[in-house]
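The lines below spell out each chain.
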Amino acid sequence: MELDEITISRAILSTQMERLMEFLEMDVAVVGGGPSGLTAAALLGEEGFRVGLVEKKLSIGGGMWGGGMMFPRIVVQEQASRLLDRFGIKYSPYSEGYYVAGSVEAVSKLTASACDAGVEFFNLFSVEDVMIRGDRRLSGLVVNWTPVEMAGLHVDPLTVGCRIAVDATGHDAVLARLVERKGGDVKVRGEGFMWADRAESEILSHTREIFPGLVICGMAANAVAGEHRMGPVFGGMLLSGERAAAIAASALRQEKNPA
Ligand code: 48H
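Small disclaimer: the values here were computed from a predicted structure and weren't measured.

Draft legend 1. How the structure looks around the pattern of salt bridges. Counting across every chain of the model gives 14 salt bridges. Glutamate 180 is paired through a salt bridge with lysine 187; the nearest N and O atoms lie 3.8 Å apart. Classification of glutamate 180 by relative accessible area gives partly exposed; the value is 26%. The class of lysine 187 is exposed, set by a relative accessible area of 58%. A salt bridge links glutamate 227 to arginine 198, with the shortest nitrogen-to-oxygen separation between them at 3.0 Å. Within this pair, whereas glutamate 227 is found in the loop between helix H8 (219–225) and helix H9 (235–256), its partner arginine 198 is found in helix H7 (residues 196–206), the two being separated by 29 residues in sequence.

Draft legend 2. Unusual backbone geometry, seen in detail. Unlike most non-glycine residues, methionine 70 shows phi in positive territory, near 70°. Residue placement: methionine 70 occurs in the loop between strand S2 (51–55) and strand S3 (73–77). For methionine 70, a relative accessible area of 74% gives the class exposed. The backbone of leucine 124 shows a phi angle near 65°, a positive value even though the residue is not glycine.

Draft legend 3. Spotlight on the environment of phenylalanine 49. Within the secondary structure, phenylalanine 49 is located in the loop between helix H2 (35–46) and S2. Separated by 68 residues in sequence, phenylalanine 49 and alanine 117 place their C-alpha atoms 9.3 Å apart. Aside from chain neighbours lying at most four places away, what touches phenylalanine 49 is Asp27, Leu44, Ala249, Leu252 and Arg253.

Draft legend 4. Representation of the state of the cysteines within the structure. Under the criterion given, the structure shown has 0 disulfides. Not engaged in a disulfide, the cysteine cysteine 162 finds its nearest cysteine sulfur in cysteine 217; these two sulfurs lie 14 Å apart. By relative accessible area, which is 5% here, cysteine 162 ends up buried.

Draft legend 5. Main features of helix H6 (residues 174–181). The complete set of buried residues in H6 reads Leu175, Ala176, Leu178 and Val179. Summarising the axial view, the buried residues of H6 lie within an arc of 160°, below the 170-degree limit, and thus occupy one face.

Draft legend 6. Expanded view of the site of the ligand. In the vicinity of the ligand there are 27 residues, among which Ser36, Glu55, Gly63, Arg229 and Gly231 approach most closely. Between an oxygen atom of the ligand and a main-chain N or O atom of proline 35, the distance comes to 3.4 Å. Note that an oxygen atom of the ligand is positioned 2.7 Å from one of the side-chain N or O atoms of arginine 229. A total of 800 Å² of accessible area belongs to the ligand in isolation, and the protein chains cover 92% of it. Taken together, the elements giving at least two residues each to the shell around the ligand come down to H2, S2 and strand S7 (125–132). Broken down by element, the shell around the ligand gets its largest block of residues, 3 residues, from S7. Tallied by class, the residues present in the shell around the ligand amount to 11 nonpolar, 12 polar and 4 charged.

Rules behind the numbers
- Residues numbered from 1 in each chain as written.
- Predicted model: local features only at pLDDT ≥ 70, side-chain atom pairs only at ≥ 80, totals over all residues.
- Heavy atoms only, no water.
- Salt bridge = Lys/Arg side-chain N within 4 Å of Asp/Glu carboxyl O.
- Buried < 20%, exposed > 50% of the residue type's maximum accessible area, 1.4 Å probe, protein only.
- Helix = DSSP H or I, 4+ residues; strand = E, 2+ residues; numbered from the N terminus.
- Contact = heavy atoms within 4.5 Å.
- Disulfide = S-S within 2.5 Å.
- Arc of directions from axis to C-beta.
- Near = heavy atom within 4 Å.
- Polar contact = N/O pair within 3.5 Å; in protein donor to acceptor, adjacent residues only side chain to side chain.
- Areas by Shrake-Rupley, 256 points an atom, 1.4 Å probe, with all protein chains shown as cover.
- Nonpolar A, V, L, I, M, F, W, Y, C, P; charged D, E, K, R; others polar.

None of this, on its own, says anything about what the molecule does.
What follows is the structure, encoded as structure tokens:
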């Protein structure tokens, strides 16, 4: 068979357009493909929800690739080791309660789990605004190509609908800041100094629906709460992603079957 370039182009364009149309209205839009967003997306996908993961960079993985100061290792504490098991990420014990995993394996396996769970990835999409109607509920994301943003081109964005958005944008807490800036009842306090134990033990209490339709997780949750940072210990990110998935799933089920 002789390869035909036009067929190759047609295959990519038609397949991607079909997927884009299918995901114009999602159950959950997870914004940010770092460890917390990947965990949330994979778990929600496994539950059968239509989940799109929007990531502004070319690659998925956020701040986990770089491990600690570019040494590609992450530390995970005892409480989160069950999530490493769940996603098939190998690890070795270091000292009591501390486990070490490879950051490349961790990103790859979380990403693979999300793919297997049916999550659709929209990389190189940057969220630049959100849709909040008079009913004061977040109901969509306003997205543009990252290269458009990088080049400073005046190109209008498109909008995708979602029943729940998960802000997993890390230190910048992009969605929370957008809602705050545009007058929503959200306050972003900004993250505090390094204090791993405190930051990791509080992150689950900061993982919550901060605005109707907007769940915050991962480092963004700590940034909103004015909580400390934790450096390259990643258990809290996985656990926070898991908590965000549970909150989103319960809100979606409630919407379907109101009491
Ligand atoms: C689409 C966007 C946009 C946008 C940003 O930073 P992340 O890895 O986030 P978490 O919270 O899952 O993990 C945090 C962890 O990596 C970390 O930094 C830790 C533990 N730090 C501790 C410390 O002390 O420093 O991923 C966020 C992702 C990135 O991939 C961004 O590119 C993406 O969100 N993103 N995607 N539209 N507007 N903004």
